Amino acid sequence: MNEIGVPFEISQPAISRHLKVLEQAGLIERDVDKQRRPTRLKAEPMAAAVNWLETFKQFWSSSFDRLDGLLEELKNSETKGRRK
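Note that the structure is predicted; figures quoted are calculated from it, not measured.

Chemist: Can you lay out the packing of aromatic side chains for me, pointing to particular residues and giving the numbers?
Modeler: Within this structure, the stated rule accounts for three aromatic pairs. Taken together, a centroid distance of 5.0 Å and an interplanar angle of 75 degrees make the contact between F59 and W60 edge-to-face. On the accessibility criterion, F59 (45% relative accessible area) is partly exposed.

Chemist: Break down the side chain of R30 for me, citing the residues and quoting the values.
Modeler: Tracing the chain through its elements places R30 in strand β1 (residues 28–30). Judged by relative accessible area, which is 17%, R30 ranks as buried. Only 3.1 Å separates the side chain of R30 from the side chain of E23, close enough to count as a polar contact.

Chemist: Break down a negative patch on the surface for me, with residues and values.
Modeler: A cluster of acidic residues, D65, D68, E72 and E73, forms a negative patch on the protein surface. On the secondary structure map, D65 appears in helix α3 (residues 43–83).

Conventions used here
Residues numbered from 1 in each chain as written. Predicted model: local features only at pLDDT ≥ 70, side-chain atom pairs only at ≥ 80, totals over all residues. Heavy atoms only, no water. Phe/Tyr/Trp six-rings, centres within 6.5 Å; stacked < 30°, edge-to-face > 60°. Buried < 20%, exposed > 50% of the residue type's maximum accessible area, 1.4 Å probe, protein only. Helix = DSSP H or I, 4+ residues; strand = E, 2+ residues; numbered from the N terminus. Polar contact = N/O pair within 3.5 Å; in protein donor to acceptor, adjacent residues only side chain to side chain. Patch = residues over 30% accessible without salt bridge, like charges linked within 9 Å, V, L, I, M, F, W, Y side chains within 5 Å. Areas by Shrake-Rupley, 256 points an atom, 1.4 Å probe, with all protein chains shown as cover. Salt bridge = Lys/Arg side-chain N within 4 Å of Asp/Glu carboxyl O. Lys, Arg positive; Asp, Glu negative; His and termini not counted. Charge placed at Lys NZ, Arg CZ, Asp CG, Glu CD.

Here it is, written out as structure tokens:
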């Protein structure tokens, strides 16, 4: 499990906690093989999670676009108010 943390600058205990949460959520499976604990992604639940997250991505993207528009309007009206 040590090699999984190399690219992330994260401790081995933190990785174990993350993997435990993913396992409890049904997104991964872990086996015991002597001293190793091979881990596999479970494709179907992972796809469902990605689809669920995509819905929120679209919602938040749209919300932030509207917020950007409102802030731009406020900025423009404030600039026009200073010119008068």
